[in-house]
Amino acid sequence: MIHVENLRKSFVVHKREAGVKKAIASFFCRKNERIYALNDISFDIKRGEIVGYIGPNGAGKSSTIKILSGILTPDSGICTVDQSIPWKNRKEYVKNIGVVFGQRSQLWWDIPVIDSFYLLKEIYEMNDTLFQESLLELTELLQLKDILKTPTRQLSLGQRMRCEIAASLLHRPKLLFLDEPTIGLDAVSKLAVREFIKKINREHQTTVILTTHDMQDIESLADRIILIGNGRVLLDGTLDTLRQYVPKVGASLDEIMVELYQEYNL
Ligand SMILES: Nc1ncnc2c1ncn2[C@@H]1O[C@H](COP(=O)(O)OP(=O)(O)OP(=O)(O)O)[C@@H](O)[C@H]1O
């Protein structure tokens, strides 16, 4: 379903120097530097998989998700999702994907959630029957009934995240990108989100790519883990593969990650 080969992405950033004098000098004479967010990433993902895409801060996880969802274009490399190139013909492409960025909202801030859903219906060009079916299913599964008429800005984080996930799935995409979907959620909301992800994967064979720093998300959801660091794939396997790398009896997944990051100098 997803084929990624030798993907590279760099950004040109303004180089800032420490100290007031150097900061003033660099204001008049800008020095730029190129940083490599993705440095040769390759992987394939099959339909129906739940993949945990993990790595330390700045590893390149969000950049990959942005390329896969067509928001960013890479410098070079191949990236296809069901034969489509994500950043080409985006209007059609987005009908097949759902995206949740835990740190950002795709809902309109000042209007009731249900109105955002109606706007998304138009954007995805959904027919009335499919929209009503989907809305009913998601409202029930994510317990949205009492919050649909509330403007997004008045929702708690947990309520908003349930609405974000519903918004990403209204048009029944085959592929779902979740970028830190449980960030800041309490234990009850985290469990509810995890259960919901398992359910839609099981019942609709939705392929899920999940980035998170919460190793319990990974433990509960991911069949497969792709660990990246400094824009490269460091490990691609199951949780057991990860555990075998650090054969320390009784080590938690967080401890294993710390050891791995140290081993790879991340
Ligand atoms: N728009 C941008 N302009 C400049 N640099 C960027 C931009 N987006 C990302 N980067 C840089 O690319 C690298 C990878 O960033 P990215 O956000 O993909 O990492 P990440 O693995 O998602 O990190 P985190 O876990 O902190 O969210 C970082 O060094 C980051 O500073």
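All values derive from a computational prediction rather than experimental measurement.

Let's shift gears to the overall build of the chain. Across its full length, the chain holds ten helices and nine strands. Principal-axis analysis of the C-alpha atoms gives the chain an extent of 55 × 55 × 40 Å. Within the span of the chain, comprising 266 residues, buried residues form 34% of the whole. Here the analysis covers contacts within the chain between residues at least 6 apart in sequence; of these, 71% occur between residues at least 24 apart.

This brings us to the sheet that holds strand S2 (residues 32-45). Across the sheet, three strands lie side by side as S2-S1-S4; this open sheet has antiparallel pairing. Only two strands of the sheet have a single partner each, and these edge strands are S2 and strand S4 (76-81). Taken over all neighbouring pairs, the strand axes of this sheet differ in orientation by 30 degrees on average, direction set aside. As paired strands, strand S1 (residues 2-14) and S2 are joined by eleven bridges and run antiparallel to one another. When the bridges of S2 are listed, Val 4 appears paired with Phe 43.

A word on the site of the ligand. Around the ligand sit Phe 11, Val 13, Ile 35, Ala 37, Gly 55, Asn 57, Gly 58, Ala 59, Gly 60, Lys 61, Ser 62 and Ser 63, and that is every residue in its neighbourhood. Elements represented by at least two residues in the shell around the ligand include exactly S1, S2 and helix H2 (61-68). Take the shell around the ligand: its biggest share by element is three residues, from H2. In terms of residue class, the shell around the ligand is made up of five nonpolar, six polar and one charged.

Here we take up the sheet that holds strand S3 (residues 50-54). Pairing within the open sheet is mixed, and its six strands lie in the order S5-S6-S7-S3-S8-S9. Each edge of the open sheet is held by one strand with a lone partner, namely strand S5 (97-101) and strand S9 (232-237). Between one strand axis and the next, the sheet turns through 15 degrees on average, direction left out of account. Contacts between helix H6 (residues 157-169) and the sheet are confined to S5 and strand S6 (175-179), with S5 contributing the most and set at about 160 degrees to the helix.

Glancing now at the pairing of S3. Taking burial as the measure, the five residues of S3 include five buried ones, the bulk of the element. On S3, burial covers both faces: Ile 50, Gly 52 and Ile 54 on one face and Val 51 and Tyr 53 on the other are all buried. Taken together, the three bridges between S3 and strand S7 (residues 207-211) define a ladder with parallel strand orientation. Across the sheet, residue Ile 50 finds its bridge partner in S7, namely Val 208.

On to the pairing of S6, then. Counting buried residues in S6 gives five out of five residues, a clear majority hidden from the surface. Here S6 shows no split at all, with Leu 175, Phe 177 and Asp 179 on one side and Leu 176 and Leu 178 on the other all buried. In this sheet, S6 lies alongside S5 in parallel orientation, the contact comprising five bridges. Along S6, the bridge assignment pairs Val 100 with Leu 178. In this sheet, S7 lies alongside S6 in parallel orientation, the contact comprising five bridges. The partner of Leu 178 across the bridge, within S7, is Leu 210. After leaving S6, the chain enters helix H7 (residues 187-204) and then returns to the sheet as S7, a path that is right-handed.

Attention now goes to the packing of H6 against H7. The N-to-C vectors of H6 and H7 enclose an angle of 15 degrees; their axes lie 10 Å apart at closest approach. By the angle between their directions, the pair H6 and H7 is classed as roughly parallel. In this structure, the crossing between H6 and H7 has a hand that is right-handed. For the pair H6 and H7, the contacting residues are Gly 158, Met 161, Ile 165 and Leu 169 in the first and Ser 189, Val 193, Phe 196 and Ile 200 in the second. Residues that form the contact of H6 with H7 fall into these classes: six nonpolar, two polar and no charged.

Tracing the backbone shows Asp 217 in helix H8 (residues 215-221). Classification of Asp 217 as buried rests on a count of 23 C-beta atoms within 10 Å. Along the backbone, Asp 217 and Leu 191 are 26 residues apart, and their C-alpha atoms lie at a distance of 8.9 Å. For Asp 217, the residues in contact, after removing those within four places along its chain, are Thr 182, Arg 194, Leu 210 and Thr 212.

Conventions adopted
Residues numbered from 1 in each chain as written. Predicted model: local features only at pLDDT ≥ 70, side-chain atom pairs only at ≥ 80, totals over all residues. Helix = DSSP H or I, 4+ residues; strand = E, 2+ residues; numbered from the N terminus. Buried ≥ 20, exposed ≤ 12 C-beta atoms within 10 Å, placed from the backbone. Contact = placed C-beta atoms within 7 Å. Pairing = 2+ DSSP bridges. Axes fitted to C-alpha atoms, helices over the stretch in contact; angles between N-to-C directions. Near = placed C-beta within 6 Å. Nonpolar A, V, L, I, M, F, W, Y, C, P; charged D, E, K, R; others polar. Right-handed = clockwise from strand over helix to strand, strands pointing away. Parallel < 35°, antiparallel > 145°, perpendicular 65-115°, else oblique. Left-handed = near helix turned anticlockwise from the far one by under 90°.

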